[in-house]
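Chains, contacts and geometry: an overview
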Amino acid sequence: DDVNDRDGARTIPLLNELEYDEHTHTLLANVWYEDVIVRIDMNVGEVIELYDLQTLFYPRSRNEDCMNGIAWANEEHTELWVTGKFWPWMFRVQLEE
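Computed from a predicted structure; not experimentally measured.

**Focus: the confidence of the model for the chain**
Mean pLDDT for the chain: 87, with 93% of residues reaching 70 or above. The weakest mean pLDDT in the chain belongs to strand E1 (residues 3–4) at 68; the strongest belongs to strand E9 (residues 91–93) at 96.

**A closer look at the nonpolar core**
Membership of the largest hydrophobic core comes to 13 residues, with the highest contact counts inside it found for Leu 28, Ile 37, Met 67, Leu 80, Val 82 and Leu 95. If you list the elements that add at least two residues to this core, you get strand E7 (67–72) and strand E8 (80–84). Of the residues forming this core, the biggest block, 3 residues, is contributed by E7. By size, the runner-up hydrophobic cluster in this structure holds 9 residues, among which are Ile 12, Leu 27, Ala 29 and Val 38.

**Some thoughts on the sheet that holds E7**
The strand order across the open sheet built from 3 strands is E7-E8-E9, with neighbouring strands paired in antiparallel fashion. In this open sheet, the two strands that pair with only one neighbour each are E7 and E9. In this sheet, adjacent strand axes meet at a mean angle of 30° when their direction is disregarded. Examined bridge by bridge, E8 and E9 share 3 bridges and lie antiparallel to one another.

**Here we look at the pairing of strand E6 (residues 46–52)**
As paired elements, strand E5 (residues 36–41) and E6 share 6 bridges and run antiparallel to each other. Paired with Arg 39 across the bridge in E6 is Glu 49. Between E5 and E6, which follow one another and run antiparallel, lie 4 residues, and Gly 45 among them has a positive phi close to 70°.

**Considering the pattern of salt bridges**
In this structure the tally under the stated criterion is 3 salt bridges. Note that Arg 60 and Asp 35 form a salt bridge whose closest N and O atoms lie 2.5 Å from each other. Of the two residues, Arg 60 sits in the loop between E6 and E7 while Asp 35 sits in the loop between strand E4 (26–31) and E5, which places them 25 residues apart along the sequence. Residue classification places Arg 60 among the partly exposed residues on the basis of a relative accessible area of 25%. Across the pair Arg 92 and Glu 79 runs a salt bridge, and its minimum N-O distance is 2.6 Å. Taken together, the residues Arg 92 in strand E9 and Glu 79 in the loop between E7 and E8 connect sequence positions 13 residues apart. Among the residues examined, Arg 92 registers a relative accessible area of 44% and is labelled partly exposed. Owing to a relative accessible area of 21%, Glu 79 belongs among the partly exposed residues under this scheme.

Cut-offs and rules
- Residues numbered from 1 in each chain as written.
- Predicted model: local features only at pLDDT ≥ 70, side-chain atom pairs only at ≥ 80, totals over all residues.
- Heavy atoms only, no water.
- pLDDT = per-residue confidence, 0-100.
- Helix = DSSP H or I, 4+ residues; strand = E, 2+ residues; numbered from the N terminus.
- Core = buried A, V, L, I, M, F, W, Y, C linked by side-chain atoms within 4.5 Å.
- Buried < 20%, exposed > 50% of the residue type's maximum accessible area, 1.4 Å probe, protein only.
- Pairing = 2+ DSSP bridges.
- Axes fitted to C-alpha atoms, helices over the stretch in contact; angles between N-to-C directions.
- Salt bridge = Lys/Arg side-chain N within 4 Å of Asp/Glu carboxyl O.

As structure tokens, then:
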């Protein structure tokens, strides 16, 4: 499904790889074909934060496609594993508010 960004200015389609954040009661999702993660307020279905990860794995070859994978890296849910289609590595990241 699609969600709207905070001010409703745009709809964000193609949500992928959802992770629930039990500490903030929000949902994290990467956006397919974009190197971003969004934080979604599930009560209203709106994006409340957008994390730009375009420089995480750059430059990359044409064979190494877009970011396409997130998973919690620790029990405290403060760090994520991030990877992409045909990426040779996984990155451990901490999202800052």
